Amino acid sequence: MTNLAKYLDIQPEVKAALDAGRPVVALESTILSHGMPYPENLDFAARVEEVVRANGAVPATMAIIGGKLKVGLGKEDLAVMCEAHDVGKVSRRDVPVYIANGHTGATTVATTMLMAAMVGIRVFATGGIGGVHRGGEVTMDISADLQELAHTSVAVVCAGAKQILDIGRTLEYLETMGVPVLGMGTDEFPAFYCRRSGHKLDYACADPAEAAAILRAKWELGLEGGVLIANPIPEEYGLDFDKMEKVIEVALAAADAAGVHGKEITPFLLAKVKDLTGGESLASNIQLALNNAKVAAQIAAAM
Ligand code: PSU
Ligand code: MN
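Residues numbered from 1 in each chain as written. Chains lettered and ligands numbered in written order. Predicted model: local features only at pLDDT ≥ 70, side-chain atom pairs only at ≥ 80, totals over all residues. Heavy atoms only, no water.

Peer 1: Could you clarify how one ought to interpret the site of ligand 1 in this entry?
Peer 2: As a matter of local geometry, ligand 1 sits amid 13 residues, with Lys 89, Ser 143, Asp 145, Lys 162 and Thr 266 nearest to it. One of the side-chain nitrogen or oxygen atoms of Lys 89 is found 2.6 Å away from an oxygen atom of ligand 1. One nitrogen or oxygen atom from the side chain of Ser 143 is found 2.7 Å from an oxygen atom belonging to ligand 1. In the complex, the protein chains occlude 93% of the 470 Å² of accessible area that ligand 1 would expose alone. (Near = heavy atom within 4 Å. Polar contact = N/O pair within 3.5 Å; in protein donor to acceptor, adjacent residues only side chain to side chain. Areas by Shrake-Rupley, 256 points an atom, 1.4 Å probe, with all protein chains shown as cover.)

Listed below in structure tokens is the structure:
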């Protein structure tokens, strides 16, 4: 940690928990800065941390603020990320640029994972992961989240992947990269707002303890890399798959017409889906992310 120390700013509570071997759960900030509107994101940021605590773990929301890797955010830092003025989106390749330039950016799944691994946090809760985009076999637009899952030893609890992606190819990619995908109480990969995607999984876990046992076995064997834990949205908040498919087709056509590509495509599609579905999708988004935080904290505690 000697070389890392000058780049890292770890909240004292998180540091104390890590030193004592108590459970800690990482949380990302792209979901705050680029995934939810203000001020709803501010309320969500506080609630998701409460859920982690209520389930026996210490929350560590990640961000890059003024060129520092921040592990655990206080109230003021959370407000900066939620207001999101001049806050970029930072995936693995962006990290050194933001550090050297002293910029502020929200961490994606990939960056939150790599920061968690740097400080020894093993479990991370998010909403949905990035993946292979539709048409990715031609454009090669594949989220860096998948490479991070291949190499970085952190378990990511998510509600699957949004239908903006090619879910089948995303799962194929994870299989090739040796990433276990575990359904929490299901043998079907969920599609974020929807409990079902039509894609079967090989492994279902009955509960957080079973997931924790699989993580322990993987990492004690020295099998480096992440594990994806797919936790479906609670039944009462789930949206209809066919209805979402129509919304996503409109969003994809809009992205195409606007010529959006690269790192802008995911935020563009997310914003479009939000516009097209209004408050309904935001409420679902919040509930699924809180549910993931609960399961992640329970897994961290079981480890
Ligand atoms: N999918 C969502 N909501 C999100 C993201 C993805 O449903 O907020 C964010 C996550 O931070 C994820 C990132 O890591 O987008 C992926 O971006 P890209 O496809 O550019 O790698
Ligand atoms: Mn991309």
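Peer 1: Explanation requested: the packing of helix H7 (residues 109-119) against helix H9 (residues 144-151) in the structure shown.
Peer 2: Pairs of packed helices are described in terms of their axes, by the angle between the two and the distance that separates them. Closest axis-to-axis distance for the H7/H9 pair is 8 Å, and the angle between their directions is 25°. With respect to H9, the axis of H7 lies roughly parallel. Side by side, H7 and H9 meet where Val 109, Ala 110, Met 113 and Leu 114 of the first sit next to Ala 144, Asp 145, Glu 148 and Leu 149 of the second. A class-by-class count of the residues in the contact of H7 with H9 yields six nonpolar, no polar and two charged. (Axes fitted to C-alpha atoms, helices over the stretch in contact; angles between N-to-C directions. Helix = DSSP H or I, 4+ residues; strand = E, 2+ residues; numbered from the N terminus. Parallel < 35°, antiparallel > 145°, perpendicular 65-115°, else oblique. Contact = heavy atoms within 4.5 Å. Nonpolar A, V, L, I, M, F, W, Y, C, P; charged D, E, K, R; others polar.)

Peer 1: Looking at this structure, how should I read the pairing of strand E4 (residues 68-71)?
Peer 2: Regular strands have side chains that alternate between both faces of the sheet. Where strand E1 (residues 8-10) lies against E4, three bridges are found, and the strand directions are parallel. Paired with Ile 10 across the strands is Val 71, a residue of E4. The sheet contact formed by strand E3 (residues 58-65) and E4 spans four bridges and is antiparallel. Within E4, the position partnered with Ala 63 by the bridge is Lys 70. What sits between E3 and E4 in their antiparallel hairpin is a turn of two residues, with Gly 66 showing a positive phi close to 55°. (Pairing = 2+ DSSP bridges.)

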